[in-house]
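Understanding the architecture of this molecule
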Amino acid sequence: QVQLAESGGGLVQPGGSLRLSCAASGFAFSTHIMSWYRQAPGKERELVAAFTTPSSTITYADSVKGRFTISRDNAKNTVYLQMNGLQPEDTAVYYCHANTRWTDYWGQGTQVTVSS
């Protein structure tokens, strides 16, 4: 059974930091591109960051470059998103995503709220 379990969301003040984690199970983690998406109220879901394999190419949305860092630990089947310098516009539900050419998996999401 495929599972992507996000954790680490919450309420943080502007300028603060959070670290999201996504623990994966039920599929070959190391062969999958791992990504973080987010969806704010009334907006479409957007790609935040992606970490490919085996090339280890990393891609960020322009809006988070220099503030967010994606990483993965294939031994722990976990992908992380370190978010620094959070701003109110970063408020959204953050989703973990895993895919290959033949697969496409989503987590349930974790809420991140940036507010004073």
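Above this text you will find the structure in question.
Fair warning: this is a prediction, and the values are worked out from it, not measured in the lab.

A short note on the pattern of salt bridges
One pass over the structure, following the stated rule, counts four salt bridges. Salt-bridge contacts for Lys65 lead to Asp62; the nearest nitrogen and oxygen are separated by 3.1 Å. We classify Asp62 as exposed; its relative accessible area is 63%. Among the salt bridges present, the one from Asp90 reaches Arg67, with a minimum N-O distance of 2.8 Å. Of this pair, Asp90 sits in the loop between β8 (78-83) and β9 (92-99) while Arg67 sits in the loop between β6 (58-60) and β7 (68-73), and the two are 23 residues apart along the sequence. Neither residue differs from the other here; Asp90 and Arg67 are each classed as buried.

Structural notes on the packing of aromatic side chains
A complete count under the given rule lists three aromatic pairs for this structure. Ring centres of Phe27 and Tyr105 lie 5.0 Å apart, and the angle between their planes is 45°; on these two criteria the pair is classed as tilted. One end of the pair, Phe27, is in the loop between β3 (18-25) and β4 (33-39); the other, Tyr105, is in strand β10 (residues 104-106), and 78 residues separate them in sequence. A relative accessible area of 15% places Phe27 in the buried class. Its relative accessible area of 22% is what places Tyr105 among the partly exposed residues. Summarising the aromatic geometry, the rings of Tyr95 and Trp106 are spaced 6.4 Å apart at their centres and angled 85° between planes, so their arrangement reads as edge-to-face. On the criterion of sequence distance, the pair formed by Tyr95 in strand β9 and Trp106 in strand β10 is long-range, its members being eleven residues apart. Among the residues examined, Tyr95 registers a relative accessible area of 13% and is labelled buried. An aromatic cluster is defined as three or more aromatic residues linked by ring pairs; in this entry it consists of Tyr37, Tyr95 and Trp106.

Reading guide: rules and limits
Residues numbered from 1 in each chain as written. Predicted model: local features only at pLDDT ≥ 70, side-chain atom pairs only at ≥ 80, totals over all residues. Heavy atoms only, no water. Salt bridge = Lys/Arg side-chain N within 4 Å of Asp/Glu carboxyl O. Buried < 20%, exposed > 50% of the residue type's maximum accessible area, 1.4 Å probe, protein only. Helix = DSSP H or I, 4+ residues; strand = E, 2+ residues; numbered from the N terminus. Phe/Tyr/Trp six-rings, centres within 6.5 Å; stacked < 30°, edge-to-face > 60°.

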